[in-house]
Amino acid sequence: MPGSTVRKRNTSRMLGAVALAAGASLVLAACGSTEDTGASGAGGGDGTGKVGVVLPLLTSPFWQSYNDYVPKMAKSEGVDAMKTVNSNSDPSQQITDINNQLNQGVEGLIVAPLDSAAIEAGLDQAERKGVPVVAVDVAPDQGKVAMVVRANNVAYGEKACRHLGEHIASGKVVQIMGDLASVNGRDRSEAFRACVKKDFPKLKVLEIPAKWESDTAASKLDTLLNANPDIKGVYLQAGGVYLAPTLQTLKSKGMLKKAGREGHITIVSNDGIPQEFDAIRKGEIDATVSQPADAYAKYGMYYIKAAMQGKTFKPGPTDHDSTIVKLPSGILEDQLPAPLVTKDNVDDPELWGNTVE
């Protein structure tokens, strides 16, 4: 559940069109080049029609914020989005939710996959019905999507590793991992582990698989701290679900010391929610990577509208400080920027976490 700050710009206008001899049109759009294909499963209409939006969960402040942004960004991008559907952390339920949306006649789908492999069944159903899909936050391992809107999750793990490594000379650090069935959990975990091994070999990494579950994180961290009271740092792969239980567990053991005081445990998180910013200001944690909830909603809407119009995209830089890349699976991903937030920039008004009421 991650560069420069994403600014809220109008990127939906078209810059021009050049007619080709074959009669097709190549259009330069604000998010890279697109081609009007009219291909099966890629729309080909005028971009109108109902769009279904499937959420992974609503127990995290991050996803609550994304959910709040959805109708606002749908309106700004001219997308007729239906009320969001919450899959409640259940990959099987998510497939059912997708099928229900398809049966309601949606012309497009925006889905935040819970399981990178299991989501293929839902994507296949959408493709059979000719309904384009945009994936948000998590890339599927297989299946057809028009675009993945996501930040570089490898960079999340690397940024956390470097911040801890630069502030801790040696000792034990813990990474509380996400669900390894999700490419996000795998990318963050593997990147953090590899970075520590290569650049900070005096750190010893201890790991807690927590599946994006608060209770699991709390109980396993409590057990780990009992056996390892000399922990020097913690990496939270999702502040939305891990921040509160981590701080509560440390506080209950008398181990929550403010930054700058003896015994302070350096903590780096991921998400960029207001609660993390408050914890940085209080000195309870040291940094977080701001995962752009606002831009996820904005560009999810942008790309689904483009897909419903039959446009496809190519790898390359965009004008919103991101880069479209081709994943090993052949899927395209718009890797949005996700800045590291510390006490030095936590009050930046352009961070989405500072705009949430």
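Definitions and limits used
- Residue numbers run consecutively from 1 along every chain, following the written order of its sequence.
- Under the rules for a predicted model, residues below a pLDDT of 70 receive no local features and side-chain atom pairs below 80 are neither given nor counted, while totals for whole chains, interfaces and linings still include all residues.
- To obtain the side-chain values, all non-hydrogen atoms of the structure were used and water was disregarded.
- Only DSSP runs of H or I with at least four residues qualify as helices, and only runs of E with at least two residues qualify as strands; both kinds are numbered from the N terminus onward.
- Using a 1.4 Å probe, the Shrake-Rupley method yields the accessible areas, and only the shown protein chains count as cover for residues.
- Confidence scores per residue from the predictor, reported as pLDDT, run from 0 to 100.
- For this analysis, residues touch if any pair of their heavy atoms sits within 4.5 Å.
- Nonpolar cores were defined as sets of buried Ala, Val, Leu, Ile, Met, Phe, Trp, Tyr and Cys residues, with membership established by side-chain atoms within 4.5 Å.
- In this scheme, a residue with accessible area under 20% of its type's maximum is buried, one over 50% is exposed, and one in between is partly exposed, where area comes from a 1.4 Å probe on protein chains only.
- When two cysteine sulfur atoms lie within 2.5 Å, the pair is treated as a disulfide.
- Think of a salt bridge as a Lys or Arg side-chain nitrogen and an Asp or Glu carboxyl oxygen that are within 4 Å of each other.

Novice: Give a description of the overall build of the chain that names residues and reports values.
Specialist: Assigned secondary structure in the chain consists of 9 helices and 19 strands. Of the roughly 14,800 Å² that the chain leaves accessible, carbon and sulfur atoms contribute 49%.

Novice: Give a detailed account of the confidence of the model for the chain, specifying residues and quantitative values.
Specialist: Predicted confidence across the chain gives a mean pLDDT of 89, with 88% of residues reaching 70 or more. For the stretch residues 1-31, pLDDT sits under 50, and the model shows 88 contacts to residues farther than four places along the chain or on other chains. For residues 33-42, every residue scores under 50 in pLDDT, and the model assigns this stretch 35 contacts once sequence neighbours within four places are set aside.

Novice: Provide a residue-level description of the nonpolar core, including the pertinent values.
Specialist: With 53 residues, the main nonpolar core has Y66, I110, V149, Y296 and Y303 as its most contacted residues. Broken down by element, the residue count for this core peaks at 11 residues, all from helix 9 (residues 293-308). Counting residues in hydrophobic clusters, the runner-up holds 29 residues, among them V174, I208, L243 and I265.

Novice: Run through the state of the cysteines, naming residues and quoting values.
Specialist: Evaluation of the coordinates by the stated rule reveals 1 disulfide. Here C161 pairs with C195 through a disulfide, and the sulfurs are 2.1 Å apart. Here the S-S torsion is close to -75 degrees, and the disulfide linking C161 with C195 is therefore left-handed. With a gap of 34 residues between them, C161 in helix 4 (residues 153-167) and C195 in helix 5 (residues 183-199) connect regions that are remote in the sequence. Owing to a relative accessible area of 6%, C195 belongs among the buried residues under this scheme.

Novice: Provide a residue-level description of the pattern of salt bridges, including the pertinent values.
Specialist: All chains considered together, the criterion is met by 12 salt bridges. With a closest N to O distance of 3.3 Å, D199 and K198 form a salt bridge. In this structure D199 comes out as partly exposed when scored by relative accessible area, which is 28%. For K198, a relative accessible area of 66% puts it in the exposed group. Three or more residues are tied together by salt bridges with common partners; here these are R150, D187 and E333.

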